[in-house]
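Observations on the three-dimensional arrangement
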Amino acid sequence: MRSEHKKKKKKRKTFKIIGFTLLILFIGAGAYAASVYQSLAGAIQTMQGTEHKTDKRVDDIKFKSKDPFSILILGVDERKNDKGRSDTMIVMTVNPKKESIELLSLPRDTRTEIIGKGTNDKMNHAYAFGGVSMSINTVEAYLDVPIDYYVKMNMEGFQDIVNAVGGVTVDNDMDLAYKGFTFNKGTIDLNGKEALIYSRIRKEDPRGDYGRQMRQRQVIQAVMKKGSSLSTLTNYDDIFKALGKNVETNLTFNEMLSIQNNYKSSLKNIEQYTLQGDNQRVDGVFYNIVPEEKKLEAQNRMKTHLGI
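Residues numbered from 1 in each chain as written. Predicted model: local features only at pLDDT ≥ 70, side-chain atom pairs only at ≥ 80, totals over all residues. Heavy atoms only, no water.

With that out of the way, let us pick up the overall build of the protein chain. Of the regular secondary structure elements, the protein chain holds eight helices and 16 strands. A buried classification covers 54% of the 308 residues belonging to the protein chain. For the protein chain, the computed accessible surface area is about 14400 Å², with 46% contributed by carbon and sulfur atoms. (Helix = DSSP H or I, 4+ residues; strand = E, 2+ residues; numbered from the N terminus. Buried < 20%, exposed > 50% of the residue type's maximum accessible area, 1.4 Å probe, protein only. Areas by Shrake-Rupley, 256 points an atom, 1.4 Å probe, with all protein chains shown as cover.)

A few words on the packing of helix 3 (residues 155-164) against helix 4 (residues 192-200). Packing of helix 3 against helix 4 leaves a shortest axis separation of 7 Å and a crossing angle of 135 degrees. Comparing the axis directions of helix 3 and helix 4 gives the class oblique. For the pair helix 3 and helix 4, the sense of crossing is right-handed. Taken together, the residues of helix 4 that come into contact with helix 3 (itself represented by Met155, Glu156, Gln159, Val162 and Asn163) are Gly192, Lys193, Ala195, Leu196, Ser199 and Arg200. Taken together, the residues of the contact of helix 3 with helix 4 break down into four nonpolar, four polar and three charged. (Axes fitted to C-alpha atoms, helices over the stretch in contact; angles between N-to-C directions. Parallel < 35°, antiparallel > 145°, perpendicular 65-115°, else oblique. Left-handed = near helix turned anticlockwise from the far one by under 90°. Contact = heavy atoms within 4.5 Å. Nonpolar A, V, L, I, M, F, W, Y, C, P; charged D, E, K, R; others polar.)

Moving on to the environment of Asn95. Among the secondary structure elements, Asn95 is positioned in strand 4 (residues 86-95). Taking relative accessible area as the criterion, Asn95 reaches 4% and is therefore assigned buried. Excluding its chain neighbours within four sequence positions, the residues that come into contact with Asn95 are Pro68, Ser100, Ser266 and His305. A polar contact is formed between the side chain of Asn95 and the backbone nitrogen of Lys98, at a distance of 3.0 Å. A polar side-chain atom of Asn95 sits 2.7 Å from the main-chain carbonyl oxygen of His305. (Polar contact = N/O pair within 3.5 Å; in protein donor to acceptor, adjacent residues only side chain to side chain.)

Glancing now at helix 4. Within the span of helix 4, buried status applies to Gly192, Ala195, Leu196, Ile197, Tyr198 and Ser199. Measuring from the side-chain oxygen of the N-cap residue of helix 4 to the backbone nitrogen of Lys193 gives 3.2 Å; that N-cap residue is Asn191.

Time to look at the pairing of strand 8 (residues 149-154). Strand 8 sits mainly inside the fold: six of its six residues count as buried. Sheet analysis places strand 8 next to strand 13 (residues 247-249), joined by three bridges and oriented antiparallel. Bridging from a neighbouring strand, Val151 pairs with Thr249 of strand 13. (Pairing = 2+ DSSP bridges.)

It is worth spelling out the sheet that holds strand 3 (residues 69-76) at this point. Spatially, six strands are ordered 13-8-3-4-5-14 in an open sheet, and the strand pairing comes out mixed. Here the strands that pair on one side only, and so sit at the sheet edges, are strand 13 and strand 14 (270-274). Going from strand to strand, the sheet's axes swing by 20 degrees on average, the running direction of each strand aside. Across six bridges, strand 4 lies against strand 5 (residues 100-105) in antiparallel orientation. Paired with Thr93 across the two strands is Glu102, which belongs to strand 5.

Counted by the stated rule, this structure contains seven aromatic pairs. Pairing Phe63 with Phe69 gives two aromatic rings, centres 6.0 Å apart and planes at 85 degrees, and the pair type is edge-to-face. Residue class for Phe69 comes out buried when judged on its relative accessible area of 0%. Both rings, one in Phe181 and one in Phe183, keep their centres 6.3 Å apart while their planes meet at 10 degrees; by these two values the pair is stacked. What links up through ring pairs into an aromatic cluster is the set Phe63, Phe69, Tyr149 and Tyr263. The residue whose ring lies beneath Arg111 is Tyr287, and the NZ or CZ to ring-centre distance is 4.8 Å. Stacked on the ring of Tyr273, the Lys or Arg Arg301 has its end atom at 3.7 Å from the ring centre. (Phe/Tyr/Trp six-rings, centres within 6.5 Å; stacked < 30°, edge-to-face > 60°. Lys NZ or Arg CZ within 6 Å of the ring centre and 35° of its normal.)

For the rest of this paragraph, the subject is the pattern of salt bridges. All chains considered together, the criterion is met by 14 salt bridges. Ionic pairing is found between Asp144 and Lys303, a salt bridge with its closest N-O pair at 2.8 Å. Of this pair, Asp144 sits in the loop between helix 2 (125-143) and strand 8 while Lys303 sits in helix 8 (residues 292-306), and the two are 159 residues apart along the sequence. Among the residues examined, Asp144 registers a relative accessible area of 35% and is labelled partly exposed. Across the salt bridge formed by Asp205 and Arg215, the nearest N and O atoms sit 2.7 Å from each other. (Salt bridge = Lys/Arg side-chain N within 4 Å of Asp/Glu carboxyl O.)

Moving on: the confidence of the model for the protein chain. Residues at a pLDDT of 70 or more form 81% of the protein chain, whose mean pLDDT is 81. Every residue in residues 1-33 scores below 50 in pLDDT, and together they form 107 contacts with partners more than four places removed in sequence or on other chains. (pLDDT = per-residue confidence, 0-100.)

On to the nonpolar core, then. Of all hydrophobic cores here, the largest spans 48 residues; its most connected members are Phe69, Ile71, Met92, Ile161, Phe183 and Leu190. Non-local contacts of Phe183, meaning those with residues more than four positions away in its chain, are made with Asn172, Met174, Asp175, Leu176, Ile188, Leu190, Glu194, Ile197, Tyr198 and Ile201. Ranked by size, the runner-up nonpolar core spans 23 residues in total, among them Leu106, Ile136, Leu143 and Ala298. (Core = buried A, V, L, I, M, F, W, Y, C linked by side-chain atoms within 4.5 Å.)

Put into structure tokens, the structure is as follows:
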């Protein structure tokens, strides 16, 4: 749904921004001058969350030098009187020199050490135990790569973001039905509610959590693509409001602008993959157990893409 805002006739200058999210207008789009700048700055101010500085880097990232970097995307189902769990965990690595972005999905049930807790548990429980910081530390230790930034999104609010960009289009690879919604095989258009339901389907897909992860990445990529369209920015006020209400990050406004100025070429190639394992019962609990060779393969792939 596009906003009916008319273009102001006053003099403008073109201003490149990150409209953001998992993300969303992540490496961004064109925009309108001062009014858009102020709206985005205000939205980002409300998004500021937990500070994080990885100890896995010797030198700070230099955006002007186009240093590769990583972002941990956490999709969290917030619950009343409960922190919830990060049922979506995706590590995004961005390398402008290779002109590519890679998205690694981490199955929520992956068994690993929860850093700061001192126990082995499902990876997504790290958020319930210690919030964003424990999630970042756990993922960093598991993958042995720096997590430079994070984006936490309220999954219930994700539908607001999809609606704000006017819905998304995805290629569905099988007929699916869930909670009264039917998703036919082929190219389908989704509004916010449909996109949320589509990205949550798990048991109805024979691939289980891997199928769900694929759909989550599809929707995220579709929002990024839609958000990077100049025409979508006629809706910028709705988009920024949706982001401000539902997204938290440690990326600052200036860092986002620097990324936009130096990293847009990364959008040319977006690759998605999953860290696959086997479902096994340990002490009566089902976990995703990833073989060491597959884990090492994923670690090496990420290190190569990050140039470390």
